[in-house]
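Each chain, letter by letter, is given below.
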Amino acid sequence: MITKKIEITEITVEELADKVADKLLEKINHYIDQLNTNQNDVFLTRAETAEYLKVDPSTLWNWTNKGKLKSYGIGNRRYYNKKEIIDLLRKNELLHR
């Protein structure tokens, strides 16, 4: 077993606790930023979007054609941005309160 000894001098316990807390908070904020960035990059297929919204694919097609929901395409494949879907759901929730 390898053990290491760390010797800390010229710092109070409170100062050490503050430095550890600051570093931990920095790490947590970094992970939160990564999670938020990753959510922006998630694209769902038609089937995944219909399942996520719990609607029939024909309903999803109608919403897309009416401009209620934006889709992105490559060839004949259509994708939906998950963050945009969530934002739309939140917006509609606020409108119906």
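Residues numbered from 1 in each chain as written. Predicted model: local features only at pLDDT ≥ 70, side-chain atom pairs only at ≥ 80, totals over all residues. Heavy atoms only, no water.

One non-glycine residue, Glu 10, lies in positive phi territory at about 60 degrees. Looking at the element boundaries, Glu 10 is found in the segment before helix H1 (13-40). Owing to a relative accessible area of 83%, Glu 10 belongs among the exposed residues under this scheme. Look at Lys 54: it is not a glycine, yet its phi comes out positive at around 60 degrees. Topologically, Lys 54 is positioned in the loop between helix H2 (46-53) and helix H3 (57-65). (Helix = DSSP H or I, 4+ residues; strand = E, 2+ residues; numbered from the N terminus. Buried < 20%, exposed > 50% of the residue type's maximum accessible area, 1.4 Å probe, protein only.)

Glancing now at a negative patch on the surface. Taken together, the side chains of Glu 14, Glu 15, Asp 18 and Asp 22 present a region of like negative charge at the surface. Note on placement: Glu 14 falls in helix H1. (Patch = residues over 30% accessible without salt bridge, like charges linked within 9 Å, V, L, I, M, F, W, Y side chains within 5 Å. Areas by Shrake-Rupley, 256 points an atom, 1.4 Å probe, with all protein chains shown as cover. Salt bridge = Lys/Arg side-chain N within 4 Å of Asp/Glu carboxyl O. Lys, Arg positive; Asp, Glu negative; His and termini not counted. Charge placed at Lys NZ, Arg CZ, Asp CG, Glu CD.)

Bringing the sheet that holds strand S3 (residues 77-81) into the picture now. Pairing is antiparallel in the open sheet, where three strands are placed in the order S1-S3-S2. A single partner strand is all that each edge strand has here, and the edge strands are strand S1 (43-45) and strand S2 (72-74). Neighbouring strand axes in the sheet, compared pairwise and without regard to direction, differ in orientation by 40 degrees on average. Alignment of S1 against S3, held across three bridges, turns out to be antiparallel. Note on S3: the bridge partner recorded for Leu 44 is Tyr 80. Sitting on the sheet, H2 is in contact with S1 and S3, with an inclination near 95 degrees to S1. (Pairing = 2+ DSSP bridges. Axes fitted to C-alpha atoms, helices over the stretch in contact; angles between N-to-C directions. Contact = heavy atoms within 4.5 Å.)

With that settled, consider the nonpolar core. Membership of the largest hydrophobic core is limited to seven residues, which are Leu 44, Ala 50, Leu 53, Leu 60, Leu 69, Tyr 80 and Ile 85. Beyond its immediate sequence surroundings of up to four residues, Ile 85 is in contact with Leu 44, Thr 49, Tyr 52, Leu 53, Leu 69 and Tyr 80. (Core = buried A, V, L, I, M, F, W, Y, C linked by side-chain atoms within 4.5 Å.)

As paired elements, S2 and S3 share three bridges and run antiparallel to each other. Directly across from Tyr 72, in S3, lies its bridge partner Tyr 79. Linking S2 back to S3 in an antiparallel pair, the connection comprises two residues, with Gly 75 at a positive phi of about 65 degrees.

On to the side chain of Ser 71, then. Position of Ser 71 among the secondary structure elements: in the loop between H3 and S2. A polar contact of 3.0 Å, which involves the side chain of Ser 71, links it to the side chain of Arg 78. When sequence neighbours within four positions are dropped, the list of residues in contact with Ser 71 reads Thr 64, Arg 78, Tyr 79 and Tyr 80. (Polar contact = N/O pair within 3.5 Å; in protein donor to acceptor, adjacent residues only side chain to side chain.)

The next subject is H2. One full turn of an α-helix is made of 3.6 residues, so residues set three or four places apart face in the same direction. Regarding H2, the residues found buried are Thr 49, Ala 50 and Leu 53. Axial view of H2: buried residues confined to an arc of 100 degrees, hence all on one face. Facing away from the buried side of H2 by more than 90 degrees, the exposed set consists of Ala 47 and Glu 51. Looking one or two residues past H2, Lys 54 carries a phi angle of roughly 60 degrees, positive in sign. (Arc of directions from axis to C-beta.)

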